[in-house]
Amino acid sequence: MPILILFCLLPLALAAAAEYAAYRFARRKLWRWVPPLVCLGVTLSVLFARFFGWSDTEGAPVETLLFVPGLPAALAFLGLYLGRRLYKRLWDPRVIDDDGKGG
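Note that the structure is a prediction, hence the values are computed from the model and not measured. (Residues numbered from 1 in each chain as written. Predicted model: local features only at pLDDT ≥ 70, side-chain atom pairs only at ≥ 80, totals over all residues. Heavy atoms only, no water.)

Caption draft 1: Representation of the layout of surface pockets. When its volume is computed, the largest pocket comes out at roughly 320 Å³. For the largest pocket, the lining is made up of 17 residues, of which Pro 11, Cys 39, Val 42, Thr 43 and Ala 76 are closest to its centre. Elements represented by at least two residues in the lining of the largest pocket include exactly helix 1 (2-25), helix 2 (34-52) and helix 3 (62-91). Here the lining of the largest pocket is built from residues that sort into 16 nonpolar, one polar and no charged. (1 Å grid on protein atoms, 1.4 Å probe; cavity = no way out; pocket = protein on both sides within 12 Å on 5 of 7 lines; lining within 4 Å. Points joined across faces, edges and corners; volume = space filled by probe spheres on them. Helix = DSSP H or I, 4+ residues; strand = E, 2+ residues; numbered from the N terminus. Nonpolar A, V, L, I, M, F, W, Y, C, P; charged D, E, K, R; others polar.)

What follows is the structure, given as structure tokens:
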């Protein structure tokens, strides 16, 4: 269970919270790029550290790179998407149909 929390739920929740906060509280649109760029930077740094830090001269096997950082990175980017969708759902203006016909 702790592995599931560490590798799946934690990146998802942190990324969603960071993206929501960036969209909700950032005054400039430039700050909205910070969570995705930080996520990409951390993913690439962990990828390079694991690949070149392997004891072999050929690098790490692909299977290990798919598990770490692949799985947490994929869920973190999913969290970024969900954080943005949550912001859009809560704070974007909605069109109200006044004539009652719908559609």
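Caption draft 2: Seen up close, the UniProt feature "transmembrane region" (unreviewed entry) in the protein. Under the UniProt annotation, the feature "transmembrane region" (unreviewed entry) is placed at residues 33-52 and 64-83. Secondary structure across residues 33-52 divides into 95% helix and 0% strand, with the first and last C-alpha atoms of the span separated by 28 Å. (UniProt positions renumbered as here; feature names shortened; annotations may be inferred.)

Caption draft 3: Expanded view of helix 3. End to end, helix 3 covers 41 Å across 30 residues, agreeing with the expected 44 Å (1.5 Å per residue, within 8%). At Gly 70, helix 3 is bent by approximately 40 degrees, the largest bend along its length, and proline Pro 72 sits one to four residues beyond. For helix 3, every residue scored as buried is listed here: Leu 65, Val 68, Pro 69, Pro 72, Ala 73, Leu 75, Ala 76, Gly 79, Leu 80, Gly 83 and Tyr 87. Buried positions along helix 3 lie against helix 1 and helix 2. (Expected span 1.5 Å × (residues − 1). Bend = angle between axes of the 7 residues up to and from the residue. Buried < 20%, exposed > 50% of the residue type's maximum accessible area, 1.4 Å probe, protein only. Contact = heavy atoms within 4.5 Å.)

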